[in-house]
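Listed below, chain by chain, are the residues.
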Amino acid sequence: MRPAQVAIDFGNDSDTPPRSSSEFEEVPYPSSSNNWPAPEELPLHYMSEEKARRRTVRGVHDNAPIYTDNGHYGDDDDGKDVYNKIRAVQSRGGSGRPPPSPAPPATSISEFIQQNLEHIPPIVYTLLSCWTRFYKIGKSNVVVWDEAHFGKFGSHYLKREFYFDVHPPLGKMLVGLAGLLSGYDGSFEFKSGETYPDHVPYVAMRVMLATFGVGMVPLGWYTAVELGMSQWACHLVALMVLLDVGWLCISRFILLDSMLLFFTFLTVFCLTKFHNQQYQSFSIDWWIWLLFTGISIGLVTSVKMVGLFVTALVGLYTIEDLWEKFGDLKMSVEEQAKHWAARVVCLIIVPILVFMASFKIHFMVLNHSGPGDAQMSSLFQANLVGNDFSQNPLEVAYGSKITLKNMGWGGGLLHSHVQTYPVGSNQQQVTCYHYKDENNHWIVLPRWEEPEYNPNEELRYLKHGDVIRLQHPPTSRNLHSHTVLAPITKLNYEVSCYGNSSIGDAGDYWKVEVVDDIKRAHVDRIHSLTTRLRFRHQQLGCYLRAANAILPQWGFKQVEVSCDKENNPEDAHTYWNVESHWNDRLPRADVKFYRSPFLRDFWHLNVAMMTSNNALIPDPDKEDILASKPFDWPFLHLGLRMCGWGDAQVKYYLLGTPIIAWSGSMSLILAILVLGVYLLRKQRKYIDMEPREWDHFLYVGKIAFFGWALHYIPFLVMGRVTYVHHYLPTLYFSVLMCAHMFDHFVFSSRRYSTQTKWIVFGVAAGTIVCTFWWFKGMAFGIDGPINEHWGLLWRKSWNIYEL
């Protein structure tokens, strides 16, 4: 059946009067297709001219061509109006420094100078930095603060003695290099507060390490340039880096912090340089700065593990970058894969190789036995010059005196001392200790019901399945366990020392269980160094275990040893090996060919470093007047006395320039508020910035804010003791944010005249210079009674004055 037909009349209804053109909205059209439509003027009877300028009418420029980053004009989605959304900037390079056009080769010196005028300010700032860092650097001739640690570590490199520290080795190797270049022989002990003797070139060593502090200033300038900041903002960044008394003070001594700060600055600089090469992916410059970013990551993490925080910043940037590329439908799968591969190689593999190379050099230089041997595996120690492990008897027998090394990561030596447990059984303590002394010695003896050990009888070798006693020679007590719970690990039984040479019970019996041997497939007798053992308590069935649980001060912060009820054959913390071995009845063995693999030593040392670092927790039993909390840092609630505070001593107080730290912290708060306001206005269709300006605002803000947060927030959740110098890398990102806020609201604003911008800059720079000059004594050294230097107590919480 056909549908009914409908008649449509397109003419005017005779009953309806014709409508005039004034009743329709008149839309002006351009006279030709090449002209842009004129912007619509909004009535001003209900809003100000500024407000009218910022608010645009939807759809005014719907038919206008769109300018893309590659320099071409085109339609939006083939001419379609896609809800009038602003197109995102295609190239990430647009949010940083615009790529400079290449200059023609200079034909004269004057032309060369004219082309490089932009480098004159950083050169001037670098020269000023040399003055601030080197001025009166040798004024204090005593060991100041942590020079007692890092100067001593430098001495170990010069003497090639193996030592242990919680930080990676690169910074300390550079300290040793500074000592070598200055003619130091490594003989000074660097005791805190001790006067430097004439043969220790401490001034030359301080100058060499302060050079890293000098390099922070030009890096700050060029980073601001690469972030696309104005000249005024670049000057502010350089001034704040130059004149912060905290950075200045920490850079003038034999410490690691100047190197940590320098490599942190370098990583951020390389990242911003790479960002500005994004418009030409896979070019030579792109590869160079991506590679340099990876190298700088490896360097900063090789000085201190705090370098992982700036590494995380690079990681977040890379994730965002690759995510944006993933959304680019015009990019082929092959090109996506190349971008991923480039990041994996340059930002993961290269930093790891740099980090591992620092440890390889560390092991190669420190090839002599030293105070840190016990932190490493027995096989590693056996290959150190001066270590006697390789000359010890190979096969263990009854009557042998031995030391037992726990083979868990970061494990120490089985240890006991005369002090008793204040809880539990009140018997003699048994711990794990990372340094060598006679309290680590144990003698292998038969059970009580067996004939007493006779050195004149036939040798009886220790084998798998033997049940033995382990006697502690200094106290004559026996390794013992019972059903009393361990003091820290409550699920395990306590291990103690009990009885003497003639008194004991079945609680002293331990069954030897062989796990394996690294050199032999079939194990018949126990060998020192290579055989891995477990000790099972004969009566309770639990296993001797040391898992890096730290005892309180009554246990001297040593590692708890307990008896684990769980039989977990894969638990390395229940594995032990015989390390030192003495028995006059046995021949010496040459096991020098037992090489310890580098990767195992590398991993072992890193786990030991992290374990020891986590053990640096605040002691509730005593007050640390130097420590501070993370909440104290952003607004300088508390500083740090770096040395003695006597009237005759040169005094140094570690505290940032107040105006710099305070303005940086306030700028972070301001940035969050401003971002919130802009997002609300953006949702209401206000256009406050062009797309390129908005991308730049977000890009710099993300670098500064996330850099600050990644360096600050981890300290809020750390259990270890913290000091004000931990905030110094974090401060850099608040400085960048401060300059960014000045740049956004003043220096790059179209509202203000150049004269107004000069006035604002002059006030800000003058305030920084004057505040630095007022507090410069904290970095250059304060002479005489501290109470005579009035005006330094800007906050009552500062412990500058003697009350």
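Quick caveat: nothing in here was measured; it's all calculated off a predicted structure.

Side note on the overall build of the protein chain
Counting its secondary structure elements, the protein chain contains 19 helices and 16 strands. Within the protein chain, contacts between residues at least 6 apart in sequence are counted, and of these 73% link residues at least 24 apart. Summed over its atoms, the accessible surface of the protein chain is roughly 39,500 Å², and 59% of this surface lies on carbon and sulfur atoms.

Observations concerning empty space enclosed by the protein
For the coordinates displayed, the defined rule picks out two cavities of 30 Å³ or more. Its boundaries defined by the atoms lining it, the largest cavity holds a volume of some 70 Å³. Lining the largest cavity are D244, L636, L654, L655, G656, A661, V724, Y727, L728 and L731. Here the residues of the lining of the largest cavity sort into eight nonpolar, one polar and one charged. Considering only enclosed or pocket space, the second largest cavity measures out at about 60 Å³ in volume. If you trace the second largest cavity, you find it lined by F162, Y163, F164, D165, H167, P168, P169, K172, F359, H362, L605 and M609. Elements with a contribution of two residues or more to the lining of the second largest cavity: α12 (333–365) and α14 (598–614). Considering only residue class, the lining of the second largest cavity consists of eight nonpolar, two polar and two charged.

Details of the packing of helix α3 (residues 120–134) against helix α6 (residues 202–226)
Relative orientation of the contacting elements α3 and α6 amounts to 150 degrees, with a least axis distance of 9 Å. Viewed along their axes, α3 and α6 adopt a mutual orientation that is roughly antiparallel. Note on packing geometry: the crossing formed by α3 with α6 is right-handed. Contacts between α3 and α6 involve P121, P122, Y125, T126, S129, C130, R133 and F134 from the first element and V207, A210, T211, G213, V214, M216, V217, P218, W221 and Y222 from the second. Here the residues of the contact of α3 with α6 are counted per class, giving 13 nonpolar, four polar and one charged.

Description of the pairing of strand β7 (residues 467–472)
The buried count for β7 comes to six of six residues, which makes it a mostly enclosed element. By the alternation rule, side chains of β7 split into V467, R469 and Q471 and I468, L470 and H472, which are all buried. Relative to strand β10 (residues 510–517), β7 runs antiparallel, the two being bridged by two bridges. Across the sheet, the residue bridging to I468 is W510, located in β10. As judged from the two bridges shared by β7 and strand β8 (residues 477–485), these two strands associate in the antiparallel manner. Residue pairing across strands places Q471 opposite N478, the latter belonging to β8. Between β7 and β8, which pair antiparallel in sequence order, lie four residues; one of them, S476, sits at a positive phi of approximately 65 degrees.

Focus: unusual backbone geometry
Phi at L529 is positive, roughly 75 degrees, even though this residue is not glycine. Residue placement: L529 occurs in the loop between β10 and β11 (531–537). By relative accessible area, L529 is classed as buried at 4%. Positioned with a positive phi, F556 is a non-glycine residue whose angle comes to about 60 degrees.

Side note on helix α15 (residues 658–683)
Between its terminal C-alpha atoms α15 stretches 38 Å, which fits the 38 Å expected from 26 residues at 1.5 Å a residue. Elements in contact with the buried residues of α15: α7 (231–243), α16 (691–717), α17 (728–747) and α18 (754–775). After α15 finishes, the residue K685 shows a positive phi value of roughly 70 degrees.

Examining the nonpolar core
Within the largest apolar cluster, 151 residues are counted, with the highest numbers of intra-cluster contacts made by M229, W247, F263 and M642. V396, L414, W442 and L533 belong to the second-largest nonpolar core, a separate cluster that totals 32 residues.

Some points on the packing of aromatic side chains
Summed over the entire model, instances satisfying the criterion amount to 58 aromatic pairs. Grouped by ring-pair contacts, the aromatic residues F162, F355, F359, F363, F380, F598 and F602 constitute a single cluster. The positively charged end of K338 is found above the aromatic ring belonging to F282, 4.5 Å away from the centroid. Sitting over the ring of Y686, R681 keeps its end group 4.2 Å from the ring centre.

Points about the state of the cysteines
The tally for this structure, following the rule as stated, stands at one disulfide. Paired by a disulfide, C542 and C563 hold their sulfur atoms 2.0 Å apart. Here the S-S torsion is close to 95 degrees, and the disulfide linking C542 with C563 is therefore right-handed. Here C563 lies in strand β13 (residues 559–564) and C542 lies in the loop between β11 and β12 (543–550), a separation of 21 residues in the sequence. Across the pair, C563 and C542 agree in class, each one buried.

Digging into the side chain of R545
In this fold, R545 is placed in strand β12. R545 sits in the buried class, given a relative accessible area of 18%. In this structure the side chain of R545 is engaged in a polar contact, spanning 2.5 Å, whose partner is the side chain of D571.

With respect to a nonpolar patch on the surface
The grouping of I109, F112, I113, L117, I120, V124 and L128 at the surface amounts to a nonpolar patch, some 640 Å² of accessible area in total. Contributions of two or more residues to the nonpolar patch are made by α2 (109–115) and α3. Following the sequence through the fold, I109 ends up in helix α2.

Remarks on the packing of helix α10 (residues 284–303) against α12
Following both chains from N to C, one finds α10 and α12 inclined at 35 degrees, their axes separated by 8 Å at the closest point. The handedness of the crossing between α10 and α12 is right-handed. Contacts between α10 and α12 involve W286, W287, L290, L291, T293, G294, I295, I297, G298, L299, T301 and S302 from the former and H339, A342, R343, C346, L347, V350, P351, V354, F355 and S358 from the latter. Within the contact of α10 with α12, the residues separate by chemical class into 14 nonpolar, seven polar and one charged.

Some remarks on the environment of M689
With respect to the helices, strands and loops of the structure, M689 is situated in the loop between α15 and α16. Each C-alpha atom, one on M689 and one on Y678, is 9.5 Å from the other, the two residues being eleven residues apart in sequence. Beyond its immediate chain neighbours, meaning those up to four positions away, M689 contacts Y678, W694, F697 and H744.

Focus on the pattern of salt bridges
One pass over the structure, following the stated rule, counts 21 salt bridges. The partner of D783 in a salt bridge is K139, with the nearest N and O atoms 2.6 Å apart. Taken together, the residues span a long stretch of sequence, with D783 in the segment after α19 (777–780) and K139 in the loop between α3 and α4 (147–159) at a distance of 644 residues. Residue classification places D783 among the partly exposed residues on the basis of a relative accessible area of 40%. Looking at K139, the relative accessible area reads 26%, which means it is partly exposed. The salt bridge involving E320 is made with K702; its shortest N-O contact spans 2.4 Å.

Considerations on the pairing of β8
Inspection of the sheet shows β8 paired to strand β9 (residues 493–498) by five bridges, in the antiparallel sense. Within β9, the position partnered with N478 by the bridge is Y498.

A closer look at the confidence of the model for the protein chain
For the protein chain, per-residue confidence averages 87 on the pLDDT scale, and residues scoring 70 or more make up 87% of the total. Below a pLDDT of 50 lies the segment residues 13–93, which in the model reaches 67 contacts outside its immediate sequence neighbourhood of four places, other chains included.

Quick look at the side chain of R469
Here R469 lies in strand β7. One buried charged residue, R469, forms no salt bridge at all, with the nearest opposite charge on D508 at 5.8 Å. A polar atom in the side chain of R469 sits 2.9 Å from the backbone oxygen of P446. Here N478 takes part through its side chain, which lies 3.0 Å from a polar atom of the side chain of R469. Other than its neighbours up to four places away in sequence, R469 contacts I443, V444, L445, P446, R447, W448, N478, D508 and Y509.

Rules behind the numbers
- Residues numbered from 1 in each chain as written.
- Predicted model: local features only at pLDDT ≥ 70, side-chain atom pairs only at ≥ 80, totals over all residues.
- Heavy atoms only, no water.
- Helix = DSSP H or I, 4+ residues; strand = E, 2+ residues; numbered from the N terminus.
- Contact = heavy atoms within 4.5 Å.
- Areas by Shrake-Rupley, 256 points an atom, 1.4 Å probe, with all protein chains shown as cover.
- 1 Å grid on protein atoms, 1.4 Å probe; cavity = no way out; pocket = protein on both sides within 12 Å on 5 of 7 lines; lining within 4 Å.
- Points joined across faces, edges and corners; volume = space filled by probe spheres on them.
- Nonpolar A, V, L, I, M, F, W, Y, C, P; charged D, E, K, R; others polar.
- Axes fitted to C-alpha atoms, helices over the stretch in contact; angles between N-to-C directions.
- Parallel < 35°, antiparallel > 145°, perpendicular 65-115°, else oblique.
- Left-handed = near helix turned anticlockwise from the far one by under 90°.
- Buried < 20%, exposed > 50% of the residue type's maximum accessible area, 1.4 Å probe, protein only.
- Pairing = 2+ DSSP bridges.
- Expected span 1.5 Å × (residues − 1).
- Core = buried A, V, L, I, M, F, W, Y, C linked by side-chain atoms within 4.5 Å.
- Phe/Tyr/Trp six-rings, centres within 6.5 Å; stacked < 30°, edge-to-face > 60°.
- Lys NZ or Arg CZ within 6 Å of the ring centre and 35° of its normal.
- Disulfide = S-S within 2.5 Å.
- Polar contact = N/O pair within 3.5 Å; in protein donor to acceptor, adjacent residues only side chain to side chain.
- Patch = residues over 30% accessible without salt bridge, like charges linked within 9 Å, V, L, I, M, F, W, Y side chains within 5 Å.
- Salt bridge = Lys/Arg side-chain N within 4 Å of Asp/Glu carboxyl O.
- pLDDT = per-residue confidence, 0-100.
- Lys, Arg positive; Asp, Glu negative; His and termini not counted.

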